[in-house]
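Spelled out from the first residue to the last, the chains are:
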Amino acid sequence: MEDEVERLRAKNRKLEEDLRFAHNQMTTQEELIGMRSDDNRQFQNKLYSEIKNLKSDSRAPSRGDPNYEQVRKERNELQEENRRLIGLLKDHKKWDVYLLQKENEKLQKTVQDYQHGDAVGPISGDSVGLRQKIQFYERELKKLEKERSELMVRATMAEEQLKNLQEHLNKMTQEYSKKMFDMRNKQKQGY
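Residues numbered from 1 in each chain as written. Predicted model: local features only at pLDDT ≥ 70, side-chain atom pairs only at ≥ 80, totals over all residues. Heavy atoms only, no water.

Topic: the pattern of salt bridges
For the structure on display, the rule yields four salt bridges. Two residues, R72 and E69, come together in a salt bridge whose shortest N-O distance is 3.7 Å. A residue pair is termed a helical-turn pair when its members lie 3 or 4 positions apart in one helix, as R72 and E69 do in helix α3 (residues 68-91) at three residues. A salt bridge links E80 to R83, with the shortest nitrogen-to-oxygen separation between them at 2.9 Å. Taken together, the residues span about one helical turn, with E80 and R83 both in helix α3 at a distance of three residues. In this structure E80 comes out as partly exposed when scored by relative accessible area, which is 47%. (Salt bridge = Lys/Arg side-chain N within 4 Å of Asp/Glu carboxyl O. Helix = DSSP H or I, 4+ residues; strand = E, 2+ residues; numbered from the N terminus. Buried < 20%, exposed > 50% of the residue type's maximum accessible area, 1.4 Å probe, protein only.)

Here you go:
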């Protein structure tokens, strides 16, 4: 249950972030075009107040809670509005800019952490998972190195065998050519 609450909170933070960005973009677009829609403002204000309300309520509603359906409905509305706003951003060619800005912010934060001497680690904070991945990759690397060395030995042996076969073939070809030459000479002398 707590994992679900944390997951929903994280998703809520992401939705809020996306909503803020979309709100800023819409405000900029409206100012450029000169369109200020009171309905949009009211809806956005309602969304912000609902987000603040959800943040202030530390407990998550359970299925038996009378507010459960209301919260679920509002969450779905927020997700749908987020999709719509993202669609608008993509239509206005602003989505790539948004993604680049977010990536830039993450990188700047990492640089600042590094400059201040803070530990720079995985963004997710999952050091155990990262350690397991490193161990897995190290084991795979050892396996691949062993296989590579075995293949190098086999390749060297194959090259040596090929060299021996070529020498033998050349020797046999020379002997055969010499026998053919001798036979022709005998045949010419016999006539």
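Considerations on the confidence of the model for the protein chain
Residues at a pLDDT of 70 or more form 72% of the protein chain, whose mean pLDDT is 77. Here helix α2 (residues 38-56) stands out as the least confident element of the protein chain, with mean pLDDT 67; helix α5 (residues 127-190) is the most confident, with 91. (pLDDT = per-residue confidence, 0-100.)

Thoughts on α3
Given a rise of 1.5 Å per residue, 24 residues ought to cover 34 Å, and the 34 Å separating the end C-alpha atoms of α3 matches this to within 8%. The complete set of buried residues in α3 reads Y68, E74, L78, Q79, E81, N82, L85, I86 and L89. (Expected span 1.5 Å × (residues − 1).)

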